[in-house]
Every structure is written in structure tokens, then in C-alpha cells.
Amino acid sequence: MTDAPHVMVTGASGFTGDHLIPALQQRGYRVTGTGHHDLPAAQIRAMDLTDPAQVREVVNEAKPDYVIHLAALSFVAHPTPEDFYRVNTLGTEHLLAALSELPTAPRKVILASTSNVYGNRDLPVLDESLCPAPVNHYGISKLAMEHLAANWFSRLQILITRPFNYTGPGQHPRFLVPKMVQHLAERAQTIELGNLDVARDISDVRDIAQAYIALLESDAHSQAVNLCSGRTIQLRQLMETLCGLAGYQINIEVNPAFVRRNEIPSLQGDRRRLESLIKAPSLRPLEDTLKDMLHTAISKNTTP
């Protein structure tokens, strides 16, 4: 196993890492992660992206063959704007600088950006040729990261991904879909939500994990690529589907505090570039994802 290719996954203890690391190991990779807590599936090192000396120390110890950089501040409603830039923008610069100093550069570095870089567009489908126009600090910090990363293209094999929304078992209930699932699993009578009259392109996290692995093994670099399903669902319809799966109708109250000022009415990604770079995995039906999430949440609630 020591001769297996070595992948360093930042943000390994997050939602995506929980699914990506076992998938990498099943593929035969050796994995080192960075994060905030232990994972049974991988060796986890603490690494603060805002501390360049610590980043350099961890990178020099790991000497990875590949890097998948997931670590980020991704909760759009985070109250301190400066944190987005410290972590997402400058933190990535610290990581790329440390990787460039290794005696042998990694074969591939994948940086997770976001579909939020496209902003509020009156277009049915968003492709990578669009000029980004983000409308929140999360998206702006990620776009700045993309521009900084481009300065390293001549020294590192970098691929930038722009994931659209994705969900699945294990996602924290501060995010919308798992919040809905949790309330229904607990048989709550009422849920407070924001604007449900928006449409989102929502993938299953397990499909996203497989796409990351395929991109890691591809020849693609020095460009950005959407990670998306290429389909949208209105959040109101998603809530109705969940209620049908749970077998009862929850009372929905709109809380104005949850309605974002710069809400993007529709986000749908174009998969054509992704499908030109890899043999994209077949997509799970969204209803199957919701069933798995509801089953997991109910099982957790009933476990003594």
C-alpha cells in the first residue's frame, strides 16, 4: 500500500471528504487528509490555511502525488466577510506556494471553486465560458482564488472545479436540504425556510466524489470545469417530494431573515465540458438521494 499513489485531501473532515476519501481508497489510493477532527478512513493532520508556516510544514511532510483542495469557508451566510478571503483566497495561495516548493511537484492539483462565481444571470444554463459576476463574499473570494491560481498554471498542473449545489447523507443541517430532511425525520410540525421559489441544480455528493476521482486521473488542467447534474428542481417541489417520502405535510413558514437580498433565482450547470474531459458517472435520481438522506436521519434519531 505504501507504493500506492498518495492523495492529500484538504478539508477531509468535511461533508465532501467523508464521501471522497473512502472512494479514493477503494480506487487504490493512499490518502492523507487535513481537517479539524479524526476520520476513521484516513490519517488526518491539523492544518490552518491562514498559517503559511503550518501549511508548508504539512505539505513538506506529506509530499503528495495529488492534491484535492476542498477546505473552504462555504456557508454563504457566515457573518464575518473577511474570513472568506483569509481562508478561501489567501489560504489557497499559501497551499499552492508550499506545493510549488516541493522537490517533486504533484501530478495534479484540483481546486474546488464554486458555481457562485457566475452570480445572478438571466440565462437558462451556465457554462464555463461566461464572465464570472459573483454577488456574495463566498463567490467573490472563490473567484479571487481562481485568478490567483491561474498565476501558478506554469508551475503546477491545476484544475479548477465549479461545483453547483450537491447534497447527501451526512450533510450538516445548517444547509437547506438536510435541514428539511432533519425536520421531517423528527416529525416536526413547522419549518422556517427562506425563498422556495428558486430553482437549483442539485447533485448527489457520491456522484461528485466519483467526478473528482475521474478528473484526478484525466489529462485536464489549466482550466475550470462545472460539477453539476445539468438539471434543476424548484425548492418548493423538492420540499413536496420530501413530504411525500416522509408521509406527512409539514407547515412551512417563510422567515424573512432567511431570504437573501441577492438571491439567484435559477442555477443550472452545463455538463458538456465535464463530459468531454471524463467519462462522467451516471447520475443518481434526486429522489433516491432524498430517500437515503431521510432513511439516514430517521435511523440516527431512533438509535439508542
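Scroll up to find the structure.
Residues numbered from 1 in each chain as written. Predicted model: local features only at pLDDT ≥ 70, side-chain atom pairs only at ≥ 80, totals over all residues. Heavy atoms only, no water.

Student: Run through the sheet that holds strand S6 (residues 158-163), naming residues and quoting values.
Tutor: Spatially, the 7 strands line up as an open sheet ordered S3-S2-S1-S4-S5-S6-S11, and their pairing is parallel. At either margin of the open sheet sits one strand with a lone partner, and together these are strand S3 (43-45) and strand S11 (223-227). Looking at each pair of strands side by side, their axes are set apart by 20° on average, direction ignored. As judged from the 4 bridges shared by strand S5 (residues 108-112) and S6, these two strands associate in the parallel manner. Following the sheet pairing, Leu111 is matched in S6 by Ile160. Packing against the sheet, helix H6 (residues 205-216) makes contact with strand S1 (6-10), strand S4 (66-69), S5, S6 and S11, and its axis sits at approximately 145° to S5. (Pairing = 2+ DSSP bridges. Helix = DSSP H or I, 4+ residues; strand = E, 2+ residues; numbered from the N terminus. Axes fitted to C-alpha atoms, helices over the stretch in contact; angles between N-to-C directions. Contact = heavy atoms within 4.5 Å.)

Student: Give me empty space enclosed by the protein: which residues, what numbers.
Tutor: Going through the model one piece at a time under the given rule, you end up with 1 cavity of 30 Å³ or more. Looking at the largest cavity, its volume works out to about 60 Å³. In terms of lining, the largest cavity is formed by Ser203, Asp207, Ile208, Ala211, Leu227, Cys228, Arg271, Leu274, Ala280, Pro281 and Leu283. Considering each element in turn, the lining of the largest cavity owes the most residues, 3 residues, to H6. Counted by class, the lining of the largest cavity contains 8 nonpolar, 1 polar and 2 charged residues. (1 Å grid on protein atoms, 1.4 Å probe; cavity = no way out; pocket = protein on both sides within 12 Å on 5 of 7 lines; lining within 4 Å. Points joined across faces, edges and corners; volume = space filled by probe spheres on them. Nonpolar A, V, L, I, M, F, W, Y, C, P; charged D, E, K, R; others polar.)

Student: Tell me about helix H4 (residues 137-150), and name the residues and values.
Tutor: For H4, built from 14 residues, the straight-helix expectation of 20 Å at 1.5 Å per residue is met to within 8% by its first-to-last C-alpha distance of 20 Å. All of the buried residues along H4 are Tyr138, Gly139, Ser141, Lys142, Leu143, Met145, Glu146 and Ala149. Taken together, the buried residues of H4 touch helix H3 (81-100), S5 and S6. (Expected span 1.5 Å × (residues − 1). Buried < 20%, exposed > 50% of the residue type's maximum accessible area, 1.4 Å probe, protein only.)

Student: For the nonpolar core, give the residues involved together with the corresponding values.
Tutor: Generally speaking, nonpolar side chains in soluble globular proteins are found buried as a group. Judged by nonpolar contacts, the single largest core of 31 residues is most densely connected at Val9, Leu20, Leu24, Ile68 and Tyr212. If you list the elements that add at least two residues to this core, you get S1, helix H1 (15-26), S4, S5, H6 and S11. In terms of residues, this core owes the most to one element, H6, which gives 8 residues. Aside from chain neighbours lying at most four places away, what touches Leu20 is Val9, Ile68, Leu70, Ala209, Tyr212 and Ile213. Counting residues in each nonpolar core, the second largest holds 25 residues, with Ala185, Val198, Leu286 and Ala297 among its members. (Core = buried A, V, L, I, M, F, W, Y, C linked by side-chain atoms within 4.5 Å.)

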